[in-house]
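What follows is each chain in one-letter form.
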Amino acid sequence: MSCGNTSERHILRSSDQLVLQPLWDQLRAQDALTQSPLFAVLFSISTYVGFCLPFVVLDVLSRWVPALRRYKIHPDFSPTTRQMLPCLGQTLYQHAVFVLPLTLLSWARGPAPWPREAPELLQLAGHVLGCLLLFDAEFFAWHVLHHKVPWLYRTFHKMHHRNSASFALATQYMSAWELFSLGFFDAVNVTLLQCHPLTVLVFRVLNIWLSVEDHSGYDFPWSTHRLVPFGWYGGVTHHDLHHSQFHCNFAPYFTHWDRILGTLRSK
């Protein structure tokens, strides 16, 4: 009986892995790129800009297409070129001056070999959710601290609040310390959970998307907070209130920490 159960679990495990194996094999075949010291920086920038671009287009078009403004949280606001370009420049500058050197130092120690087998689908989903929950808790604590201590706010976090009405390219308009903190939480979590490299990539893509969506200024019928039930996920409306009221909605994604500590606001 025990042998039968073990065999059945092995078959289920193998079939679960087969779902992601073709994708993983394709990524492993591109090892000249993925094992390059530039990959992490190029991946981060291209993913971020790629997610921001549709919202930039919408911001430009909404000036001439009033129907698009119905989805904007601030219908009368459209970021100007003078607002967007410094934000993009800050992202590129920090990746070149801070992220790239750290990546090169890590690569110089020798890139970690990638396993041949893809992760199980359920394992990937569980680890991605775990990384999001850990990141949410860590940044909540960091965020509250940097709002409650005036020196920390002025020195490290005020830069991110210079745009009271947020827009996509303002997502990474932040100090080097804030960027380093977010990167540190990311690295600690994927190491703590011993995530498969494919899981790490999926988590980082999802994390970047959720961050951009939170700052986009657009509340669509298909926005993430409308898809997650019971108000567990705050989303763009939740984070926009933080930018306008400052002392509420500190968690980047989920609502449980703000709810527990009495800092959750809906309007």
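Reading the values: the criteria
- Residues numbered from 1 in each chain as written.
- Predicted model: local features only at pLDDT ≥ 70, side-chain atom pairs only at ≥ 80, totals over all residues.
- Heavy atoms only, no water.
- UniProt positions renumbered as here; feature names shortened; annotations may be inferred.
- Helix = DSSP H or I, 4+ residues; strand = E, 2+ residues; numbered from the N terminus.
- Core = buried A, V, L, I, M, F, W, Y, C linked by side-chain atoms within 4.5 Å.
- Buried < 20%, exposed > 50% of the residue type's maximum accessible area, 1.4 Å probe, protein only.
- Contact = heavy atoms within 4.5 Å.
- Polar contact = N/O pair within 3.5 Å; in protein donor to acceptor, adjacent residues only side chain to side chain.
- Expected span 1.5 Å × (residues − 1).
- Bend = angle between axes of the 7 residues up to and from the residue.

UniProt feature "transmembrane region" (unreviewed entry): in the numbering of this structure it lies at residues 38–61. Helix makes up 96% of residues 38–61 and strand makes up 0%, while its end C-alpha atoms are separated by 34 Å.

Attention now goes to the nonpolar core. Core analysis: the biggest nonpolar cluster contains 23 residues, and Leu132, Phe135, Val190, Phe203 and Tyr253 have the highest contact counts within it. Tallying contributions element by element places helix α5 (residues 121–148) first for this core, with 7 residues. Setting aside residues no more than four positions away along its own chain, phenylalanine 203 makes contact with Val128, Cys131, Leu132, Asp186 and Val190. Within the second largest apolar cluster, 19 residues are counted, among which are Leu58, Ala168, Ile208 and Val212.

According to UniProt, the "domain: Fatty acid hydroxylase" (unreviewed entry) feature falls on residues 129–263. Span residues 129–263 is 63% helix and 0% strand, its end C-alpha atoms 23 Å apart.

Attention shifts here to unusual backbone geometry. Its identity is not glycine, yet phenylalanine 230 carries a phi of approximately 65°, on the positive side. With respect to the helices, strands and loops of the structure, phenylalanine 230 is situated in the loop between α9 (224–227) and α10 (235–245). A relative accessible area of 67% means that phenylalanine 230 is categorised as exposed. For phenylalanine 246, which is not a glycine, the phi torsion comes out positive at approximately 75°.

Moving on, we come to the environment of glycine 89. Structurally, glycine 89 is set in helix α4 (residues 81–108). Residue classification places glycine 89 among the partly exposed positions, given a relative accessible area of 34%. When the C-alpha atoms of glycine 89 and leucine 169 are compared, they prove to be 9.8 Å apart, with 80 residues separating the residues in sequence.

Next up on the list: the side chain of aspartate 219. Note that aspartate 219 resides in the loop between α8 (197–215) and α9. Relative accessible area serves as the criterion here: at 16%, aspartate 219 is assigned to the buried category. Here arginine 226 takes part through its side chain, which lies 2.8 Å from a polar atom of the side chain of aspartate 219. Residues within four places of aspartate 219 in sequence aside, it is in contact with Tyr71, Ile73, His225, Arg226, Val236 and Thr237.

Take helix α3 (residues 39–61) next. In this model, α3 (23 residues) spans 33 Å end to end at C-alpha, consistent with the 33 Å of a helix rising 1.5 Å per residue. Its axis deflected by about 30° at leucine 53, α3 carries its strongest bend there, up to four residues before the proline proline 54. Every buried residue of α3 is listed here: Phe39, Val41, Phe43, Ser44, Ile45, Thr47, Tyr48, Cys52, Phe55, Val56, Leu58 and Asp59. For α3, the secondary structure elements touched by its buried residues are α2 (31–34), α4 and α8.

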